[in-house]
Amino acid sequence: MSPASTGASTTMDAATTVPASDTSDSRMTPGGPGYRRMSLALFLAGVATFALLYSTQALLPLISDGFGVSASDASWTVAAATGGLALFVIPMSALSERFGRRTVMTASLAVAVAVGLLVPFAPSLGVLVVLRGIQGAALAGLPASAQAYLAEEVRPRALVTAIGLFVAGNSVGGMSGRVITGWVAQEWGWRVAVGVIGVIAVGCAVAFRLLLPAPRHFKAGSLHPRRLLGTVRDHLANPLLRRLYAIGALFMTVFGGVYTVIGYRLTEEPFSLPQGIVGSIFLVYLVGTVSASTAGRLVGRLGRRGALYLGGGTTAAGLLLSLADSLPLVLLGLVLITAGFFAGHAVASSAVSKTATHGRAQASAIYQSAYYIGSSAGSTVGALAFHASGWSGTVGVALLAIAGVVTITVLGSVAARRQVMATAH
């Protein structure tokens, strides 16, 4: 789940240059009018977004049984949603420039929730995958607009706290959605489970629309496809940004693959855990929240590349531990995988914003797109590897991705050293 935003850069830059001490600044601040309503609204939007996005991930073994399909086929219900989000993040960021942040967020949630209420009635896997793809594309409007709204409507001094609440909603939604579906599905099946998530999302969406204050500082702009494409082209031409995008995608390939397949591993021999317990495994996400919050300190002590090496090494150690046929060791492996992933993701995503000299919102949007492409690839390839070689196949794919992270980081170190030598010369 990325802390980066995908709103328009020009508006964000303008918003953040106003001094926090300016008494004429009419933007919201903690304790001021509308701030609590805004914070709660965006928290609920984050809960709905990620509960819907990953609603089928903990249910894949049941979906496989229900439709009589393999793990790799069922994994498309996750890959379609994250892939749809990846493809539509950048276009949604442009639409929010023209039609407004609140409008795009409201429309996105409305469509995603409506599709979510149809998902339990999917008559076949193909229909389910199509519905999930539409749902993911609709949800792209939330990360594309939320931080831009905050940058325009909240004073700079309070911005980090406000964004933190939205990200917290993402984490809570992603975790609780998986846990709730696991326990509900154990009693009543996967269709009822995703239906419950849909109903919860309806409540979140209605509360979001009623609570979110009307924007007071948004200025509509026109859509300039050439300008947007030019900004995207500039970012993709930057070697450091390209490396960061690849690192984010590779880390998420590991995470998407592991958490898509882990349900199959734990419901089969030698563990044979019930669906509710398997869903509760996603409480491990809380470890990731802690490791992501300490990423800044890691960078301060080890540097960006040192922190990436540590994140990659921790993830690799967790993958190797998870090969054991011992439940405590598998759980410890998941803890290390989660901690390493969130730390690496936090380092890479924050480095994108620091590296981009213009169009920071679009730079973050490209990162999110790469991130969710990695999630889709990890879900699909990890499931295919599991179908072919069991859990060791999924771990092998994940270790290759971590090797890619290390290789790219080494190449970054070499490039930086060459640049320093060339400057000195």
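For the structure itself, look to the data block above.
All of these numbers come straight from a predicted model, not from anything done at the bench.

Criteria and cut-off values
- Residues numbered from 1 in each chain as written.
- Predicted model: local features only at pLDDT ≥ 70, side-chain atom pairs only at ≥ 80, totals over all residues.
- Heavy atoms only, no water.
- Helix = DSSP H or I, 4+ residues; strand = E, 2+ residues; numbered from the N terminus.
- Buried < 20%, exposed > 50% of the residue type's maximum accessible area, 1.4 Å probe, protein only.
- Contact = heavy atoms within 4.5 Å.
- Areas by Shrake-Rupley, 256 points an atom, 1.4 Å probe, with all protein chains shown as cover.
- Axes fitted to C-alpha atoms, helices over the stretch in contact; angles between N-to-C directions.
- Parallel < 35°, antiparallel > 145°, perpendicular 65-115°, else oblique.
- Left-handed = near helix turned anticlockwise from the far one by under 90°.
- Nonpolar A, V, L, I, M, F, W, Y, C, P; charged D, E, K, R; others polar.
- Core = buried A, V, L, I, M, F, W, Y, C linked by side-chain atoms within 4.5 Å.
- Phe/Tyr/Trp six-rings, centres within 6.5 Å; stacked < 30°, edge-to-face > 60°.
- Salt bridge = Lys/Arg side-chain N within 4 Å of Asp/Glu carboxyl O.

Caption draft 1: Seen up close, the overall build of the chain. Looking only at helices and strands, one finds 18 helices and 0 strands in the chain. Counting every position in the chain, which comprises 425 residues, the buried fraction comes to 56%. Intrachain contacts of the chain at a sequence separation of at least 6 include 84% that bridge at least 24 residues. In the structure as shown, the chain presents an accessible area of about 16,900 Å², 67% of it carried by carbon and sulfur atoms.

Caption draft 2: Here's a closer look at the packing of helix α6 (residues 101-118) against helix α7 (residues 125-139). Their axes nearest at 8 Å, the elements α6 and α7 cross at an angle of 160 degrees. One finds that α6 runs roughly antiparallel with respect to α7. Judged by the twist between their axes, the crossing of α6 over α7 is left-handed. Across the interface between the two elements, S108, V111, A112, V115, G116 and L118 from α6 touch L131, I134, Q135, A138 and L139 from α7. Across the contact of α6 with α7, the residue classes break down as 8 nonpolar, 3 polar and no charged.

Caption draft 3: The arrangement of the nonpolar core in detail. Core analysis: the largest hydrophobic core is formed by 113 residues, its most contacted members being L42 and Y259. Those residues in contact with Y259 that lie beyond four places of it in its chain are Q57, F282, V284, Y285, L334 and T338.

Caption draft 4: Just the packing of aromatic side chains, in detail. Scanning all chains against the criterion turns up 11 aromatic pairs. Here the aromatic rings of Y367 and Y371 are separated by 6.2 Å at their centres, their planes lie at 25 degrees, and the arrangement is stacked. Here Y367 and its partner Y371 are both found in helix α17 (residues 360-389), 4 residues apart, which amounts to about one turn of the helix. Residue Y367 shares its accessibility class with Y371, and that shared class is buried. Through a chain of ring-to-ring contacts, the aromatic side chains of F255, Y259, F282, F341, F342, Y367, Y371 and Y372 assemble into a single cluster.

Caption draft 5: How the structure looks around the pattern of salt bridges. With the rule as written, the count across this model stands at 1 salt bridge. Residues R265 and D325 are paired through a salt bridge, measuring 3.8 Å at the closest nitrogen-oxygen approach. With a gap of 60 residues between them, R265 in helix α12 (residues 239-267) and D325 in the loop between α15 (295-321) and α16 (327-355) connect regions that are remote in the sequence. What makes D325 exposed here is its relative accessible area of 59%.

Take it as geometry only, folks, not as evidence of what the structure does.
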